[in-house]
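Remarks on the overall topology
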Amino acid sequence: MKRRICIIYTGGTIGMVPSDKGYVPSPNTLRKTLDAISDMHHPDMPEWDLVEFSPLLDSSDMAVADWNKIGRTVARLYDACDGFVILHGTDTMAYSASALAFMLEHLDKPVIFTGAQIPLCELGSDGRDNIVHSMRIAASGMVREVCVYFNGVLLRGCRSTKKSSDQLLAFESPNAPHLAEVGITIRYNTAALRPAEEAPFHFQPFADVPVGVIKVFPGIQFELFESIMTDKLKGVVLETFGAGNIPSSQNALLPIIQKAYRSGSIIAVCSQCMQGTVSLGAYATSKALQDIGAVNGRDMTTEAALTKLYYLFSLNLPKEEIKARMEQSLRGELT
Ligand code: ASP
């Protein structure tokens, strides 16, 4: 029997059309466009249904409620489908893919995010190939996790990051191997794919938790951040230099972080480098962060660390448990 794949269209360049304000999503047109792609009706193509969100969004406009809406739709159709292809804007696709990886607990089916750098209505669009190959992968029976597929490579969703605003290969997973590569055949990296799940699937929606990201830079005036580092801020991803280093000269950050930590915030230390890992304590400039209770984000992307904070706070866990789980791999998001 043919597999059945649900295509969830959330918006993004793939289905956009030009307007006098620039590219905008165009409701109720994607079905006709997909129907006109002969591969979508090829005998080897799985059966498919299309769910179109309203409103369709530029992914820059997405927030927690939109991640929950995608998650809820997957949960509603979970038993009826063998897999999902999520058509999504590229700008925040890595955040949504990371969020879904956490909220879809014990996922045992493929959820493949894809989109396009060039709209389907334009000459030379990459959208057609991205959809067709995402559908093939979703129907292959090989994948049981949230992924991003773009321009020939399949990446773990919670390892992916947008790396280019104009190349067709827009995404990379700098600290994790490709899960598959599409050439004449699709070559799966079976050793890297997540194994089957025993426990039943469960959808865990996110609460709109007050969290933030701070990117340090030379000359940063930390005292400016004191007013936001209150007990209202539940978690912060600190994007540090290299292996987890912060400027030590002014020494202003540590008391602020310490105060935030004491009043309940979780500080997750990630790196501004695309590749490599945070190693707290390797330098004196990072040892201090370790000493005041910051969490080692190791080689997590900022997207994964931030959405993991949303996830763990949504579970209402005690602070020490959140800290511990931040340093453990829950979905293959860290090494
Ligand atoms: N701004 C668009 C979006 O993220 C860009 C894209 O889809 O490539 O929705």
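A few points on the structure. (Residues numbered from 1 in each chain as written. Predicted model: local features only at pLDDT ≥ 70, side-chain atom pairs only at ≥ 80, totals over all residues. Heavy atoms only, no water.)

**Observations concerning the overall build of the protein**
Stated formally: A run of H or I in DSSP counts as a helix once it spans at least four residues, and a run of E counts as a strand once it spans at least two, with each numbered from the N terminus. Per-residue accessibility, obtained with a 1.4 Å probe over protein chains only, is compared with the maximum for each type, and a residue is labelled buried under 20%, exposed over 50%, and partly exposed between these values. Note on contacts: a residue pair is in contact if any heavy atoms of the two residues lie within 4.5 Å. Per-residue and other accessible areas follow the Shrake-Rupley method at a 1.4 Å probe size, with only the shown protein chains counted as cover for residues. Positive charges are assigned to Lys and Arg, negative charges to Asp and Glu, while His and the chain termini are left out of the count. For charged residues, the charge sits on one atom: NZ in Lys, CZ in Arg, CG in Asp, CD in Glu.
The helix and strand inventory of the protein stands at nine helices and 18 strands. Each of the three principal axes of the protein carries a C-alpha extent, and together these read 65 × 50 × 35 Å. Counting over 335 residues, the protein shows a buried share of 54%. Counting only contacts in the protein whose residues sit at least 6 apart along the sequence, the fraction spanning at least 24 positions is 73%. Counting every atom, the protein has about 14,500 Å² of accessible surface; 51% of that belongs to carbon and sulfur. Placing the 31 positive and 36 negative side-chain charges of the protein at their respective mean positions leaves the two points 3 Å apart.

**Re the sheet that holds strand 8 (residues 146-150)**
Selection rule: Here, a strand pair is defined by DSSP locating no fewer than two bridges between the strands. What counts as an axis is a line fitted to C-alpha atoms, over the stretch in contact for a helix, and the angles between N-to-C directions run from 0 to 180 degrees.
On the basis of which strands lie adjacent, the open sheet formed by eight strands has the order 4-1-5-7-8-9-12-13 and mixed pairing. Where the open sheet ends on each side, the last strands, each with one partner, are strand 4 (47-57) and strand 13 (186-188). Within this sheet the neighbouring strands show an average axis-to-axis angle of 20 degrees, counted without direction. Most of the contacts of helix 2 (residues 64-77) go to strand 4, to which it runs at about 155 degrees, and overall it touches strand 1 (4-11), strand 4, strand 5 (83-87) and strand 7 (111-114).

**Re the site of the ligand**
We apply this condition: Note on definitions. A residue lies near a molecule or strand when any single heavy atom of the residue is within 4 Å of it. Between N or O atoms, a polar contact is any pair within 3.5 Å; within protein, one atom must be a potential hydrogen donor and the other a potential acceptor, and residues adjacent in sequence are included only when both atoms are from side chains. Put simply, Ala, Val, Leu, Ile, Met, Phe, Trp, Tyr, Cys and Pro go in the nonpolar bin, Asp, Glu, Lys and Arg in the charged bin, and everything else, Gly too, in the polar bin.
Taken together, the residues surrounding the ligand are Gly12, Thr13, Asp58, Ser59, Gly89, Thr90, Asp91, Ala116 and Gln117. Between threonine 90 and the ligand, the recorded distance is 2.5 Å, taken from a side-chain N or O atom to an oxygen atom. At a separation of 2.7 Å, a nitrogen atom of the ligand approaches a polar side-chain atom of aspartate 91. Relative to its free-state accessible area of 270 Å², the ligand is covered by the protein chains to the extent of 90%. For the shell around the ligand, the per-class residue count stands at one nonpolar, six polar and two charged.

**Quick word on the packing of aromatic side chains**
Quick note on the threshold: Whether two aromatic rings pair depends on their centres lying within 6.5 Å, for rings of Phe, Tyr and Trp, where Trp uses its six-membered ring; planes under 30 degrees apart make the pair stacked, over 60 edge-to-face, and the rest tilted.
A complete count under the given rule lists seven aromatic pairs for this structure. Ring centres of phenylalanine 150 and phenylalanine 171 lie 5.1 Å apart, and the angle between their planes is 55 degrees; this geometry places the pair in the tilted category. A residue pair is termed long-range when its members are at least 10 positions apart, and phenylalanine 150 in strand 8 and phenylalanine 171 in strand 11 (residues 171-172) qualify at 21 residues. Aromatic side chains phenylalanine 206 and tyrosine 310 sit 6.1 Å apart centroid to centroid with 10 degrees between the ring planes, which places their arrangement in the stacked category. Placement of phenylalanine 206 in the loop between strand 14 (202-203) and strand 15 (211-215) and of tyrosine 310 in helix 8 (residues 302-314) is noted, with a sequence separation of 104 residues between them.

**Quick notes on the side chain of asparagine 245**
Mapped onto the elements, asparagine 245 comes out in the loop between strand 16 (235-240) and helix 6 (253-262). For asparagine 245, a relative accessible area of 13% translates into the label buried. Setting aside residues no more than four positions away along its own chain, asparagine 245 makes contact with Val216, Thr240, Tyr283, Thr285 and Ser286.

Everything listed here is a matter of geometry and, on its own, says nothing about what the molecule does.
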